[in-house]
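The primary structure of each chain is shown beneath.
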Amino acid sequence: MMGVTIALVAILALGGIGIYTVLKTMQNFQPGRKKIQKDLQQIRAEMQPWVADLVPWSREEMEQLSFNQVKRTSRKRVVSSSKGIFTTIYHEPVIAWTYKKYLGPKENALLYARTSKNEFIYRIKNEEVEVVVDDHLVGKIDAAGRLFNYKGNKQLAQINRSSQELLLPVVLGEKEIGSLTNPDQSNKSNPRAFQLLTDMDRAEEEVFLSLAVLEMVRRDIGK
């Protein structure tokens, strides 16, 4: 009798694990806005200790930003996740980020990035990226690296996503304002991430970073 009871408990336990796994998988397949908002709040809380340690953001840190990272980790479960902190060429922490990939046939993910000054939220789905900076919707980035306004009928900026060039220019309107260094084409061990061509006001810097930070993370995780 005792053996039968133990067997039944084991079966129920395994069934519970199976149901939990199925529910967890379903929850993370094409998640809705409510699920995304919940995950975003969790990510914000988890990242807060890192954000507190970032050096103050300024033009100088922007010019000295590199592809070097600290605290870089990856985890593969039902939902894959990666995170790290980009530093300057002098190893000062300046941009903290977390990338969370959901289940789906195409890239379906949430990317959160922070400087000491700005918060960047990217909702990646169906080859399109919705970008929010400091609680205001900047627009949407398509697979070609073009940033459109939130209505999708006006191109604001573009980053050249070519993998063959050393520099990936960022064009705002018709003006090139800077470039992202292609780490795969650079012969330096710790190259500067940006080459800036002009002074930028707050809005221009937000647009530049919206494109550049997304590209930096995607190249890091192999997207």
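## Describing the overall build of the chain
Per the secondary structure count, the chain includes 4 helices and 12 strands. Of all 223 residues assigned to the chain, the portion counted as buried reaches 43%. At a minimum sequence separation of 6, the contacts of the chain that also span at least 24 residues come to 44%. Accessible area for the chain stands at about 12100 Å²; split by element, carbon and sulfur atoms hold 54% of it.

## Regarding the packing of aromatic side chains
A complete count under the given rule lists 2 aromatic pairs for this structure. Their ring planes at 85° and their centres at 5.0 Å tell us that Phe194 and Phe208 sit as a pair that is edge-to-face. Residue Phe194 is located in strand 12 (residues 194–196), and its partner Phe208 is located in helix 4 (residues 202–221); the two are separated by 14 residues in the primary sequence. With respect to burial, Phe194 and Phe208 carry one shared label: buried. Between Lys83 and the ring centre of Trp50, over which it is positioned, the NZ or CZ distance is 5.1 Å.

## Re the pairing of strand 3 (residues 93–101)
Where burial is concerned, most of strand 3 is hidden: 7 out of the 9 residues are buried. The loop that links strand 2 (residues 80–88) with its antiparallel partner strand 3 comprises 4 residues; one of these, His91, has a positive phi angle of about 70°. Bridge analysis of strand 3 against strand 4 (residues 108–114) gives 6 bridges, and the strand direction is antiparallel. Bridging across to strand 4, Lys101 finds its partner in Ala109. Counting the residues between successive antiparallel strands, the hairpin from strand 3 to strand 4 contains 6 residues, one of them, Gly104, with a positive phi of roughly 160°.

## Re the sheet that holds strand 10 (residues 167–172)
As summarised here, the arrangement of the 12 strands in space is 1-2-3-4-5-6-7-8-9-10-11-12, forming an open sheet in which the pairing is antiparallel. The sheet is open, and its two edges are formed by strand 1 (65–75) and strand 12, each paired on a single side. Between one strand axis and the next, the sheet turns through 20° on average, direction left out of account. Taken together, the 5 bridges between strand 6 (residues 128–133) and strand 7 (residues 136–141) define a ladder with antiparallel strand orientation. Its bridge partner being in strand 7, Val132 is matched across the sheet by Leu137.

## A short note on the pattern of salt bridges
One pass over the full model with this rule turns up 15 salt bridges. Ionic pairing is found between Asp220 and Arg72, a salt bridge with its closest N-O pair at 2.6 Å. You can see Asp220 sitting in helix 4 and its partner Arg72 sitting in strand 1, a full 148 residues away along the chain. Residues joined in a network through salt bridges with shared partners are Arg161, Asp184, Glu215 and Arg219.

The rules we used
Residues numbered from 1 in each chain as written. Predicted model: local features only at pLDDT ≥ 70, side-chain atom pairs only at ≥ 80, totals over all residues. Heavy atoms only, no water. Helix = DSSP H or I, 4+ residues; strand = E, 2+ residues; numbered from the N terminus. Buried < 20%, exposed > 50% of the residue type's maximum accessible area, 1.4 Å probe, protein only. Contact = heavy atoms within 4.5 Å. Areas by Shrake-Rupley, 256 points an atom, 1.4 Å probe, with all protein chains shown as cover. Phe/Tyr/Trp six-rings, centres within 6.5 Å; stacked < 30°, edge-to-face > 60°. Lys NZ or Arg CZ within 6 Å of the ring centre and 35° of its normal. Pairing = 2+ DSSP bridges. Axes fitted to C-alpha atoms, helices over the stretch in contact; angles between N-to-C directions. Salt bridge = Lys/Arg side-chain N within 4 Å of Asp/Glu carboxyl O.

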